[in-house]
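# Reading the structure
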Amino acid sequence: MDNSINDSAGQAGPYAGEQARWDAVRRRDAGADGVFWYSVRSTGVFCRPSCGARPALRKNVAFHDSREEALRAGFRPCLRCKPEQPPLAERQAALVAEACRLIDAADEAPDLDTLAAAVGVSRFHFHRVFKAVTGITPKAYAQARRARRVQAGLARQATVTEAIYDAGFNSSGRFYASSPAVLGMTPSAFRAGGAGAVIRFAIGACSLGAILVASTAQGICAILIDDDPDFLVRDLQDRFPKAELIGAEAEYEQVVSRVVGMVERPELGLDLPLDVRGTAFQRRVWQALQAIPAGRTVSYAELAQLVGLPKGARAVAGACAANALAVAIPCHRVVRNDGSISGYRWGVDRKAALLDRERPGND
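A word on the packing of aromatic side chains. Considering all chains together, one arrives at four aromatic pairs under this definition. Aromatic side chains Phe 36 and Phe 63 sit 5.7 Å apart centroid to centroid with 80° between the ring planes, which places their arrangement in the edge-to-face category. Residue Phe 36 is found in the loop between helix H1 (18-26) and strand S1 (37-40), and its partner Phe 63 is found in strand S3 (residues 61-64); the two are separated by 27 residues along the sequence. Their ring planes at 70° and their centres at 5.5 Å tell us that Tyr 344 and Trp 346 sit as a pair that is edge-to-face. Classification of Trp 346 by relative accessible area gives buried; the value is 6%.

A few words now on the packing of helix H4 (residues 112-119) against helix H5 (residues 123-134). Interhelical geometry of H4 versus H5 gives an angle of 90° and a closest axis separation of 9 Å. In this view, H4 runs roughly perpendicular relative to H5, as classed from their interaxial angle. Contacts from Leu 112, Asp 113, Leu 115, Ala 116 and Val 119 of H4 reach H5 at Arg 123, Phe 126 and His 127. Considered class by class, the residues forming the contact of H4 with H5 number five nonpolar, one polar and two charged.

This brings us to the pattern of salt bridges. Here the structure, examined in full by the defined rule, presents 10 salt bridges. One salt bridge connects Arg 26 with Asp 23, and the closest N-O pair in it is separated by 2.8 Å. Remark: Asp 23 and Arg 26 occur in helix H1; sequence separation between them is three residues, near one turn of the helix. Given a relative accessible area of 57%, Arg 26 falls into the exposed group. The partner of Arg 350 in a salt bridge is Asp 227, with the nearest N and O atoms 2.7 Å apart. A residue pair is termed long-range when its members are at least 10 positions apart, and Arg 350 in helix H15 (residues 348-358) and Asp 227 in the loop between strand S7 (220-226) and helix H10 (229-239) qualify at 123 residues. Judged by relative accessible area, Arg 350 falls into the buried class, the value being 13%.

The sheet built from four strands is open, its strands ordered S7-S6-S5-S8 with mixed pairing. Both edges of this open sheet fall to S7 and strand S8 (244-247), since each of them pairs with a single strand only. Strand-to-strand twist of the sheet, defined as the mean angle between neighbouring strand axes without regard to direction, takes the value 25°. Looking at chain direction, strand S5 (residues 198-206) and S8 are connected through four bridges and run parallel. Bridge pairing in S8 places Arg 200 opposite Ile 246. Along the sheet face, H10 touches S5, strand S6 (209-215), S7 and S8 and points at about 25° away from the line of S6.

About the criteria used
Residues numbered from 1 in each chain as written. Predicted model: local features only at pLDDT ≥ 70, side-chain atom pairs only at ≥ 80, totals over all residues. Heavy atoms only, no water. Phe/Tyr/Trp six-rings, centres within 6.5 Å; stacked < 30°, edge-to-face > 60°. Helix = DSSP H or I, 4+ residues; strand = E, 2+ residues; numbered from the N terminus. Buried < 20%, exposed > 50% of the residue type's maximum accessible area, 1.4 Å probe, protein only. Axes fitted to C-alpha atoms, helices over the stretch in contact; angles between N-to-C directions. Parallel < 35°, antiparallel > 145°, perpendicular 65-115°, else oblique. Contact = heavy atoms within 4.5 Å. Nonpolar A, V, L, I, M, F, W, Y, C, P; charged D, E, K, R; others polar. Salt bridge = Lys/Arg side-chain N within 4 Å of Asp/Glu carboxyl O. Pairing = 2+ DSSP bridges.

Here it is, written out as structure tokens:
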């Protein structure tokens, strides 16, 4: 009985025909996993196209449209690539999803050993897979979940203390020590929509339009650009409706001037502290963006690779869109895979202008 797949007009796609499938096996193409399987007569096993086992001779290889077909032909599953199971990426995603459910359901974040044992893998393997799939460590995920619990709890609990313990902190002291990183301000101020927080800001002008720069005591928290200065002020007010906004200070105008200088000459950078607020994953993306020098661009796929999430192009695009520090965190240096300019929070024309002035030879 011949178990190989013959070339036919009915086959479609990039893996139509034996030669295309053999080429996929030789390059260990993970994209072919689940499309077909191949068996090796000399070993009696069948594998996924991406299997990392020693390459077989072409004369010993046959192709199969399903696992069942290979099993019926008398071949046993390869112990290395486990072709009878879902693809590796799918198994890893399920493992991480189960771990995330455990973290979400726990009153206190489970430790690494507990999580690894619960999903049936080693501590080291679990940590590596979790970070590869999500882009962050299990600890960072747990911290981000607790931060969101606190934020939600502050809106519904009667007291700040109740919100802290409800979110899983076993002592108020531990939470208050981390609250600036978790909330960007004290929990009482967050609960009151920024009440008690002091944010200094001023509006200037640059070649891209009106620019608003705002700072907390920790550093610059917003660099916003638009044609309408009033819109920029409303945007800041919407972020912190009850914060004390202080504008038009002569001393702060110097900060704005330095930011404008950075916008006009991005290659000079900005030697001022930033108050960067976002999830653990967003901060990871923003740190990677800050490492991209002026004059260079990366695609969303390349940026995903840089943060350790090879299949996370959409996730990094979302982090870029959430960036509130124009140019200082240079999300304008991210383009489509073909090099064309994609969307930009402050307008694609501004993105094009920034990239043009950063191009080598444009002084």
